[in-house]
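Here is what each chain is made of, one letter per residue.
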Amino acid sequence: MWLLGVPWALALLVTAAAPDPSAAPLDPASIFADLSPAELRAVRTFLMERPELGLAPSRGGPLAKNSLFLVELLPPPKRVALRFLAHGGRRPRREARAIVFFGAQAEPNVTELAVGPLPRPSSYRVLGRRGGRAVPFWARPMTQLEYELLYEALVGAVAPLEPLLREATGFGFQNCSGRCLTFSDIAPRGLGPGERRTWLVIQRFVEGYFLHPVGLEVLLDHRDPDPRRWAVRQLWYNGRYFGSVRELAELHARGALPLARLPEPPARHLFSSYEPRGRFFTGTPSEVHGAKVCEPQGRRYRLRGNRLEYGGWSLAFRLRSSAGLQLFDVRFGGERVAYELSVQEAIAFYGGHSPAAMQTKYMDAGWAMGASSYELARGVDCPETATFLDAHHLLDADGPVRFAHALCVFELPTGVPLRRHFDNDFQGGFNFYAGLEGRALVLRTTSTVYNYDYIWDFLLYPNGVLEAKVHATGYIHATFYTPQGRRYGSRVHSHLLGNLHTHLVHYKVDLDVAGTGNSFETMDIRFENISNPWSAGARVVQPWLHREPRRREREAALLLGRAPPRYLLFTNPRRRNRWGHRRTYRLQLSSHAGPVLPRGWREERGVTWARYHLAVTRRHENEPSSSSIYTQNNPWDPPVTFESFIRDNETIEDQDLVAWVTVGFLHVPHSEDVPNTATPGNAVGFFLRPFNFFDEDPSVASRATVIVRPLDPPTCSRLEIQRWTSPSPGPCVHPEPFTYNGTYRQV
């Protein structure tokens, strides 16, 4: 259904009872809360009953149908939200964003709708995209139905290769029981707009199958909505290309094909498994539990729905199905520091010798990374003491699906004091010792996008510092080893190449530093050579602060490949602290990001945000995100082009600003990435740090300080110990045994 061309549909209004205000949660943070299962069901039911939409169930049936793909919260406009947060009164209209695949029409497309008001929707309208274009049907994300059809098409197409596969691998597709083959699919799905042809990496289906490619890669064209017209266009086997399945099968039948024979996988201690093997050299205990986090006197944070409070911090949070964690109304000491902090996109661009490797450019929002938030394990993914929260997604399903324990919140001892000082008397004693325990509150979720696991954290520190951090772990995206592949990575097992790739993550940081009117400047040091004022004829070389106001968007776009200034400052030009400084927050990067492709090259057009360490723009309601779930399958002409955000080069002085932050690292896999990439050294992110925002360190309000003063210096035999907490924290035990469920089911 081409809704953009149907004016009457835009104005559709179906009469229904008005929502009951008393049923809504009272906390103001709830205006940002994810949709409840009841709201998700209500939106789906409302849309399914609209005859002009002609929606069919998501599961089963043909691809050429109209179906509901995604439902999630559509946040209220910032202006409306701020007015409500400041003055109360009528709550903003609560709406859902719904993505509909219109495949059963002459010109198929993907259309986004705003549906509301919730909890009882009565109308919808089309959400216009910047530029006004509809999303082409071939750019849609993959669905479970398309994967099922893709598997059937693959199995049927490669049936003539079953003897080859059985002889070389001992596994197959036909009547395979416990010795089956599977595949991983590569994206983008082609080399230009309009294509939907995917390279499939064939793998043994064993534990950790991502590390078990068999040497066969298949290019399958599946653009046509009718799977009967799908076809294999090319193959790659053991370093050679083949034009058809028949060509490869006949070469094998004649004995003219060099086979890549794989050893039989062992029944136990498979190299890709997590099973312990070997022993540590020192023999120190490893069969007993290690150090644990505990809360001996109860929790020091408060959760009220989606409102999280800790020390001076208060914020609202949600877990978007499309792109993951999103914070709103972030305050310290009652003052808003940021209106929004959110994950926008995570990409991994690869290189390699095989066609699948050289084609791999993953853009994980296109795989709905927010809905890949599977169960967190107590005591492993989060401490035993953590509070676990469920998430509900309606993505490619016929009802909401509950993801148990998808998020967790916990207080973390950092293992290093927040502040400390030993005041030496230089006579064998001290004048005083003082220290403040290091603690942070962590809000965590994960995204398991097939092989890779991203651990997403927001950390709140008691001194007004906020940290955004992501750890990369999980299985490397690996291909079959050939000698030519060594140019693109490391051989990590007998038949396995770990392919080089660059991870980049993009964040949106809508800062409101002491108000919405902010400016941006950078600061670093320069050196001066001056006459020494206290020694005639001598010179002094010393640093001085060089400040550079960035007055327009182009000036505030800091390119990757060049070291950015070390101080990135967001100031309120009209508000000052007690000492006369403009109240400021500093953005500090923790990143090793580098370019993924030359500027303007094909797929790079879909990730133009990746050109910059940081880009600062004036906030606009029609620029909510830097990427989209459609970019993965159409990076050549994407519906969202970040470069257009800064092309008009607006002034950014005393304006409502957004900082768009890119962090990342180059990963050259190595043998220690087997079985999995480990988290140490594979974390990137950024800090938001107060910089003359307060009059002093706000952590002085913490009662976790210890001060020790000698009563008889310099002997120091009698001490005065001051604590503002109890002398002993008490026992530190979590008695419940480990449990895990791991399921996610429709509710």
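What counts and what doesn't
- Counting from 1, residues in each chain are numbered in the order their sequence is written.
- Local features in this predicted model are restricted to residues of pLDDT 70 or higher, and side-chain atom pairs are both shown and tallied only at a pLDDT of 80 or more, whereas totals for entire chains, interfaces and linings draw on every residue.
- The basis for every side-chain value is the complete set of heavy atoms in the structure, and neither hydrogens nor water enter the calculation.
- UniProt positions are given in the numbering used here, feature names are shortened, and annotations may be inferred rather than shown by experiment.
- By definition, any uninterrupted DSSP run of H or I lasting at least four residues is a helix, any uninterrupted run of E lasting at least two residues is a strand, and each is numbered from the N terminus.
- Note on contacts: a residue pair is in contact if any heavy atoms of the two residues lie within 4.5 Å.
- When the sulfur atoms of two cysteines come within 2.5 Å, that pair is taken as a disulfide.
- Buried means the residue's accessible area, taken with a 1.4 Å probe over protein chains only, is under 20% of the maximum for its type, while exposed means over 50%, and partly exposed covers the values in between.
- In this description, one arc is meant: the one made by directions from the helix axis to the C-beta atoms.

In the nomenclature of an unreviewed UniProt entry, the chain corresponds to Amine oxidase from the organism Willisornis vidua. Under the UniProt heading Sequence similarities (unreviewed entry), the note attached to the chain is "Belongs to the copper/topaquinone oxidase family."

**Student:** How would you explain the side chain of threonine 571 if you had to name every residue and give the values?
**Tutor:** Position of threonine 571 among the secondary structure elements: in strand β32 (residues 567–576). Apart from residues no more than four positions distant in its own chain, threonine 571 is found in contact with Gly517, Asn518, Ser519, Glu521, Arg582, Arg583 and Thr584.

**Student:** Residues and numbers for the state of the cysteines, please.
**Tutor:** With the rule as written, the count across this model stands at two disulfides. The disulfide bridge from cysteine 176 ends at cysteine 180, spanning 1.9 Å between sulfur atoms. Because the sign of the S-S torsion sets the handedness, a value of about 90 degrees for the bond joining cysteine 176 and cysteine 180 places this disulfide among the right-handed ones. When its relative accessible area of 15% is taken as the criterion, cysteine 180 is described as buried. A sulfur-sulfur separation of 2.1 Å characterises the disulfide bridge that pairs cysteine 382 with cysteine 408. A torsion of -80 degrees about the S-S bond marks the disulfide between cysteine 382 and cysteine 408 as left-handed. Placement of cysteine 382 in the loop between β17 (361–363) and β18 (387–395) and of cysteine 408 in strand β19 (residues 401–413) is noted, with a sequence separation of 26 residues between them. For the residue pair cysteine 382 and cysteine 408, the accessibility class agrees, reading buried in each case.

**Student:** Any chance you could break down helix α5 (residues 162–169) for me, citing the residues and the numbers?
**Tutor:** Within the span of α5, buried status applies to Glu162, Leu164, Leu165, Ala168 and Thr169. Buried residues of α5, seen end-on, are gathered within an arc of 160 degrees and therefore sit on one face of the element. Looking one or two residues beyond α5, the residue adopting positive phi is glycine 170, at roughly 75 degrees.

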